[in-house]
Structures are given as C-alpha cells and as structure tokens.
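Here is what each chain is made of, one letter per residue.
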Amino acid sequence: MVGYDPEAKCVSTAEAAAAGSASGLVTRVLVSPLDVIKIRFQLQIEQLSSRNPGAKYHGILQAVQRIFQEEGLVAFWKGHVPAQLLSVGYGAVQFMAFESLTKLAHNVASYNARDSFVHFVCGGLAGGKPTVAVQPVDTLRTRFAAQGEPKIYRNLRHAVVTMYQTEGPRTFYRGLTPTIIAIFPYAGLQFSFYNILQQFSEWAIPAEGKKGGNVKNLVCGSCAGIVSKTLTYPFDLFKKRLQVGGFEHARAAFGQVRMYRGLLDCIRQIMREEGPGGFFKGLSPSLLKAAVSTGLVFFWYELFCSLLC
C-alpha cells in the first residue's frame, strides 16, 4: 500500500498524511531510548572501548546501565517533545509527498508506479521536502539528548530562547549541509528497498502463507532501514557533531570536546584524531534503531492506511 497502485484502492493525500503522522508518533515513543544512546555514542570523541579509560561509554548495555544510574529512567526520553514534533511532522509530509509523487509519475510521466527506481526517486524527493522545515526541531532534539545532569536547558521554550539569544538564529540549522547531502539517498533507499523486498516476498512466499502481511511489512521495513542507514551513516554522525557546536560546555562531563568550523573541517578532524572507524561510531545502536524504527514506521503506516480504507 506504500506508494500509488493503479490496481488497488489508494489512500487520499489527507489519509496518507494522517497515517504517516500517526506511525511517526507511535514509533518515536518506542525507539527513543535507542536514539539517545546512538547520539551519545556519536558525540563521544574517545574510542568506544572498555580499554580506553577516558571513554564514558563503550557498549550498548554499559551505556544503558550508566545512563540509568546517573540520570534515571526518564533520560532515555530526553528531547522527546521536539523529537515527537519532528516525527509527526516529518511522517505526515513524507508519506503525503511520496503518495502524490508516485501517482504523478504514473499518471503524468507514464512510469510504472511500482518500479523500484520510481520509488527511489520519489522517496528521495519526499524525504528532502520536510527536512529543511524540521531541521531546527532536529537540532533541539539532539541538544536535549546530548546534555547530561545538571541540565543546561530546562524545557523546550528555555532551549529555544537560550539558543537564539546566545548563538543566533543560524544555530538552529547547524548540520544542515550533511543532512541535505544524505537525505535523498537515505529516504530513497528506504522506499526502494522496501518495495524490492515486498515484491520479492510476494514471489517467494506461497499464496497460502501470505496471511501474515503485517509481520512481512515489519520485516521488509527493518531490512530496508538497515541497508539505507549503513550506506549513509557517516553523514548522520557529521550532522550530530555539528549540531552541538556552541554547546561544548554541556559536553564537558562526557569527555573530550571538539569544535568544528564546518563539514569539511569536521571530516578532517575525525579522520585525523579518530581514524576511519570514527565515521561509524554508534553504528550498532543506530542500525538497531534503524531496523526497529523503519520497520515500525512502515508497519504502522500500512496498518493505519488499511484501517482508513
């Protein structure tokens, strides 16, 4: 049901937006702890290893235990309000745009709306449209997830006012360059691989075994999320490093702190100090999060669409 299908009853633009926002909301609640751990790993300069005495975090289970002991259970949902605004808004615009673009490609350009290449292009365009709009919310989410105790920002309003007064309006768009570079292939690969895996499952699974459609959607979405995240991961790390620029004082308790003048300077410093492996810090929780979140987004979206239809 993801994407326009001329042979099936399709959701309207409003229904796609409603289903997309609802799927984003439910998924965000469930994956927030993995997102917090991923961000903490991405921002750590020291090697993620127990052999490094200066490393605050060196594994997923150790990070869970340490965050819980130092900051409590609610720390795993730090930045949840801006993260929910991000997920709800992004999900609505992305799926609404994707359904419209695949329909346009089929009716106007005469392309097969079920073709994987069409899904790649339309998915990339649909992902890029809301990205710039929600970038300030993404920056806020990163700052909340990155801060420890005592908190620098008491709440969302305090964070917005403080960042605007001390760093200026441009701070809300820190990390936009790597975001724009990565979003087209990331979103495009998500939709195209989901489509490929759905078509493969229809070919591989016998007709009598196709009753578990919801499970199939979850598995296909999870696999698509892993592939797309792996191929574009370094840009997500660059974005996170740039988003906490000007926020260095809040990172002092987590270990070493670095300042970057831009994307190229960020890449150079990471390569020089942390090596090629530095570009993939936090990959494990990120892939786990990508598998769970992408799988759940497609699962809930398909489910909500079927209910609306």
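What counts as what
- Residues numbered from 1 in each chain as written.
- Predicted model: local features only at pLDDT ≥ 70, side-chain atom pairs only at ≥ 80, totals over all residues.
- Heavy atoms only, no water.
- Helix = DSSP H or I, 4+ residues; strand = E, 2+ residues; numbered from the N terminus.
- Rg over C-alpha atoms; globule rule 2.2 N^0.38 Å.
- Buried < 20%, exposed > 50% of the residue type's maximum accessible area, 1.4 Å probe, protein only.
- UniProt positions renumbered as here; feature names shortened; annotations may be inferred.
- pLDDT = per-residue confidence, 0-100.
- Domains from an automatic or database assignment.
- Salt bridge = Lys/Arg side-chain N within 4 Å of Asp/Glu carboxyl O.
- Polar contact = N/O pair within 3.5 Å; in protein donor to acceptor, adjacent residues only side chain to side chain.
- Expected span 1.5 Å × (residues − 1).
- Bend = angle between axes of the 7 residues up to and from the residue.
- Contact = heavy atoms within 4.5 Å.
- Axes fitted to C-alpha atoms, helices over the stretch in contact; angles between N-to-C directions.
- Left-handed = near helix turned anticlockwise from the far one by under 90°.
- Nonpolar A, V, L, I, M, F, W, Y, C, P; charged D, E, K, R; others polar.
- Parallel < 35°, antiparallel > 145°, perpendicular 65-115°, else oblique.

Concerning the overall build of the protein chain
Per the secondary structure count, the protein chain includes 9 helices and 0 strands. Sequence-ordered secondary structure for the protein chain, helices as α and strands as β, is α-α-α-α-α-α-α-α-α. At 20 Å, the protein chain has a C-alpha radius of gyration in line with the 19 Å of a compact globule built from 309 residues. For the protein chain, the spread of C-alpha atoms along the principal axes amounts to about 60 × 40 × 35 Å. When burial is assessed residue by residue, the protein chain has 52% of its 309 residues classed as buried.

Comments concerning the UniProt feature "repeat: Solcar" (unreviewed entry) in the protein chain
Residues annotated in UniProt with the feature "repeat: Solcar" (unreviewed entry) correspond here to residues 11-104, 114-200 and 212-307. Taken end to end, residues 11-104 comprises 72% helix and 0% strand; its first and last C-alpha atoms sit 14 Å apart. The span residues 114-200 carries 78% helix and 0% strand; its end-to-end C-alpha distance comes to 13 Å.

With respect to the confidence of the model for the protein chain
Averaged over every residue, the pLDDT of the protein chain is 86; residues scoring 70 or more account for 94%. Averaged pLDDT values over the elements of the protein chain bottom out at 87 in helix 4 (residues 116-146) and peak at 93 in helix 8 (residues 263-274).

Regarding the domain arrangement of the protein chain
Each assigned domain of the protein chain is listed here: domain 1 (1-77 + 281-308), domain 2 (78-173) and domain 3 (175-275). Taking only C-alpha atoms, the centre of domain 2 and the centre of domain 3 are 13 Å apart. For the salt bridge of Lys-239 with Asp-138, the shortest nitrogen-to-oxygen distance reads 2.9 Å. Here domain 2 and domain 3 share 11 residue pairs in polar contact (both at pLDDT 80 or more) between them.

Considerations on helix 4
Along an α-helix, a turn takes 3.6 residues, which lines up residues three or four apart on a common side. A rise of 1.5 Å per residue sets the reference length of helix 4, with its 31 residues, at 45 Å; its end C-alpha atoms lie only 37 Å apart and thus fall more than 12% short of the reference. Bending of helix 4 peaks at approximately 60 degrees at the position of Val-134, with proline Pro-136 no more than four residues after it. Here helix 4 lies mainly inside the structure; 23 of its 31 residues are buried. By the N-cap criterion, in which a side-chain oxygen at the helix start approaches the backbone nitrogen of a residue two or three places on, helix 4 is capped by Asp-115, the distance to Phe-117 being 3.0 Å.

A closer look at the side chain of Gln-62
By the secondary structure assignment, Gln-62 is in helix 2 (residues 60-71). Residue class for Gln-62 comes out buried when judged on its relative accessible area of 18%. Among the polar contacts listed, one links the side chain of Gln-62 to the backbone nitrogen of His-58, at a separation of 2.9 Å. Ignoring sequence-local partners within four residues, the contact set of Gln-62 consists of Lys-56 and Tyr-57.

Some details on the packing of helix 6 (residues 176-204) against helix 9 (residues 283-308)
Where helix 6 meets helix 9, the axes come as close as 12 Å, and the angle between the chain directions of the two elements is 65 degrees. The two elements helix 6 and helix 9 meet at a crossing, and its hand is right-handed. Contact residues: Tyr-186, Gln-190, Phe-191, Tyr-194 and Gln-198 in helix 6; Thr-294, Phe-298 and Glu-302 in helix 9. Partitioning the contact of helix 6 with helix 9 into residue classes produces 4 nonpolar, 3 polar and 1 charged.

Focus on the packing of helix 1 (residues 13-43) against helix 4
Helix-helix packing: each pair is described by the crossing angle between the helix axes and the interaxial distance. Axis separation between helix 1 and helix 4 bottoms out at 9 Å; the angle between their running directions is 75 degrees. As the angle between them shows, helix 1 and helix 4 are arranged roughly perpendicular. Residue-level inspection shows Arg-28, Asp-35, Val-36, Ile-39, Arg-40 and Leu-43 of helix 1 in contact with helix 4, the latter providing Arg-141, Thr-142, Ala-145 and Ala-146.

Let's talk about the environment of Cys-305
Topologically, Cys-305 is positioned in helix 9. Residue Cys-305 is classed as buried on the basis of its relative accessible area, which comes to 0%. For the pair Cys-305 and Tyr-153, spaced 152 residues apart in sequence, the C-alpha separation works out to 38 Å.

Some points on the pattern of salt bridges
Enumeration over the complete set of coordinates arrives at 20 salt bridges. Glu-71 serves as the salt-bridge partner of Arg-40, at 3.0 Å between the closest nitrogen and oxygen. Separated by 31 residues along the polypeptide, Arg-40 in helix 1 and Glu-71 in helix 2 bring together distant segments of the chain. Accessibility classification places Arg-40 together with Glu-71 in one group, the buried group. Asp-236 is the salt-bridge partner of Lys-229, the closest N and O atoms lying 3.5 Å from each other.

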